[in-house]
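# Overview (structure and organization)
Take a look at the letters that make up each chain.
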Amino acid sequence: MVNVRRFKIDQIDSELVKWLEGKAIGEPLGSIHSVFDKVMNFISMDESTLFTLAVNEVVQSPKMMKTGNDNDFLYCKSTLNPSINICLVDYELLRIGSCMWDFSNAEIWDGEIISPSQMNSTLDYEGLSKLLDFIETNGVQGGLLTPWKSLMNPDHNESSQKRDIFHSVCLKNLYTLKHGMRKDKPMKALTHFVGLGPGLTPSGDDFLTGVLATLGYYNYPLFDTIQKYRDIWLKRIKGKTTDISYFMLENCLNGFVNDALYQLFQNLDKQQTEEQLWRVLRRGSTSGTDMLIVGSFAYHLILDFQRR
């Protein structure tokens, strides 16, 4: 007889709640996609949705639910097998194998990008300069930092040993994207970043997600063009990056981002404090620096558009 145990979900994305509400009790929801130390990913039956169970320290993201009890998470992970049953057994009660996850009292998180009613009037070169200086002084080596420095300052000297293939390709793509945005031809330029770099969410995809989200948040007009070709573009990049990155990009184009990126938006103005910037910078090994670079790049594009 299977020993069924019941656990509690502490936080859940509002879009995941809506998705689950549309499912019938007992209806199979999906299967295991991938399992890591602090995250379990599941793919829906039709492979159109990736949803996640994670521990609290993981940054809240679209279609994610989190538990504050690491032991409960570890127990559930230890019971997983390819044939497990994933379904709703009751309203706000999800079954993953022999574990019941109750989200009836979970805090609802909303990662929807709510754009200002008009272009944020506090965006100016004073704020951009402050952000650039902070990245230059405190940015962590690796990731996008070296290519970004070369883009912002063509005279920037870096030893040839550090100019690896990632640096060269990334710098070329940054120039292409900057030119493509100015010429209102973004789609091909965006595609160059898909799958660029190693990892479950390659640096190119993280960068791309941040740029798209920032342009959407600040109502950058070219974002409407990007949205117009959204479905065609997503179909084109399918299989060119990891599944996790693909769904991250899809969520972004649907208007939803992770909490770290959303918090960054709150700091992209001249009122930003060094404490707020450090809070972003400390996320991950190089991801915090990459997020600030994303902000500075999109910030520059928006100000460039305003100046036209």
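The structure reproduced in this document is the subject of the present report. Here, residues in each chain are numbered from 1, in the same order as that chain's written sequence. Only residues with pLDDT of at least 70 get local features here, since the model is predicted, and only at 80 or more are side-chain atom pairs given and counted; chain-wide, interface and lining totals rely on the full set of residues. The side-chain numbers reported here are obtained from all heavy atoms of the structure, hydrogens and water having been left aside.

### Description of the pattern of salt bridges
Pairing of side chains with opposite charge becomes possible as their charged atoms draw close. Inclusion rule: In what follows, salt bridge is the name for a side-chain nitrogen of Lys or Arg lying within 4 Å of a carboxyl oxygen of Asp or Glu. Under the scheme used here, helices are H or I runs from DSSP no shorter than 4 residues and strands are E runs no shorter than 2 residues, and both carry numbers assigned from the N terminus. Each residue is assigned to one of three classes by its accessible area relative to the maximum for its type, calculated with a 1.4 Å probe on protein chains only: buried under 20%, partly exposed between the two thresholds, exposed over 50%.
Enumeration over the complete set of coordinates arrives at six salt bridges. Measuring nitrogen to oxygen at the nearest pair gives 2.6 Å for the salt bridge that ties K38 to E57. You can see K38 sitting in the loop between β3 (30–35) and β4 (39–44) and its partner E57 sitting in the loop between β5 (50–55) and β6 (64–67), a full 19 residues away along the chain. Overall, K38 belongs to the partly exposed group, its relative accessible area being 37%. Overall, E57 belongs to the exposed group, its relative accessible area being 56%. Two residues, K149 and E136, come together in a salt bridge whose shortest N-O distance is 4.0 Å. Taken together, the residues span a long stretch of sequence, with K149 in helix α4 (residues 145–152) and E136 in helix α3 (residues 125–138) at a distance of 13 residues. Using a relative accessible area of 10% as the deciding quantity, one classes K149 as buried. Judged by relative accessible area, which is 45%, E136 ranks as partly exposed.

### Observations regarding the environment of S245
As a reminder of what qualifies: Contacts are residue-level and defined by heavy atoms, with any inter-residue pair within 4.5 Å sufficient.
Tracing the backbone shows S245 in helix α10 (residues 243–253). S245 has contacts with L200, T201, P202 and D205, leaving out every residue within four places of it along the chain.

### Focus on empty space enclosed by the protein
Once rolled over the atoms, a probe with the size of a water molecule shows which space is left empty. Threshold: Space inside and on the surface of the protein is sampled on a 1 Å grid over the protein atoms alone, with a cavity defined as a set of points where a 1.4 Å probe fits but cannot get out and a pocket as an open set with protein on both sides within 12 Å along at least 5 of 7 lines; lining residues have an atom within 4 Å of a point. Grid points are joined across faces, edges and corners, and a volume is the space filled by probe spheres set on the points. Only Asp, Glu, Lys and Arg are considered charged, only Ala, Val, Leu, Ile, Met, Phe, Trp, Tyr, Cys and Pro nonpolar, and every remaining residue, Gly among them, polar.
Within the structure shown, the criterion is met by one cavity of 30 Å³ or more. By volume, the largest cavity amounts to about 40 Å³. Examining the composition of the lining of the largest cavity, we find that three residues originate from one element, helix α13 (residues 287–307), more than from any other. Here the lining of the largest cavity is built from residues that sort into four nonpolar, one polar and one charged.

### What about the state of the cysteines?
Heads up, the rule is: Counting rule for disulfides: a pair of cysteine sulfur atoms within 2.5 Å.
Counted according to the given criterion, the structure contains zero disulfides. Unpaired in this structure, C99 has its nearest cysteine sulfur neighbour in C76, at a distance of 3.8 Å. Overall, the relative accessible area of 0% leaves C99 in the buried class.

### A word on the sheet that holds strand β10 (residues 107–109)
This is how it is decided: Two strands are counted as paired when DSSP detects at least two bridges linking them. Helix axes use the C-alpha atoms of the stretch in contact, all axes being lines fitted to C-alpha atoms, and the angles between their N-to-C directions lie in the range 0 to 180 degrees.
Pairing is mixed across the open sheet formed by six strands, whose spatial order is β3-β4-β5-β6-β2-β10. For this open sheet the edge positions go to β3 and β10, each flanked by a neighbour on one side alone. Direction aside, the axes of adjacent strands within the sheet are offset by 20° on average. Here β5 runs beside β6; their pairing, made up of four bridges, is parallel.

### Structural notes on the packing of aromatic side chains
Within a pair of aromatic rings, the relevant descriptors are the distance that separates the centres and the angle that separates the planes. Put simply, the rule is: Within 6.5 Å between ring centres, the rings of Phe, Tyr and Trp (the latter by its six-membered ring) count as paired, and their orientation is classed by plane angle as stacked under 30 degrees, edge-to-face over 60, tilted in between. Here, over-ring charges are defined by two tests on the NZ atom of lysine or the CZ atom of arginine: distance to the ring centre within 6 Å, and angle to the ring normal within 35 degrees.
Enumeration over the complete set of coordinates arrives at eight aromatic pairs. Where F134 meets W278, the ring centres are 5.4 Å apart and the plane angle is 85°; that geometry is what we call edge-to-face. Of this pair, F134 sits in helix α3 while W278 is found in helix α12 (residues 274–281), placing the two residues 144 residues apart along the sequence. Judged by its relative accessible area of 6%, F134 falls in the buried class. Ring plane angle 80° and centroid distance 5.4 Å describe the contact between Y246 and F247, whose orientation is recorded as edge-to-face. Owing to a relative accessible area of 10%, Y246 belongs among the buried residues under this scheme. Pairwise contacts between aromatic rings join F7, Y75 and W101 into one cluster. The ring of Y75 is capped by R5, whose NZ or CZ atom sits 4.1 Å from the centre of that ring.

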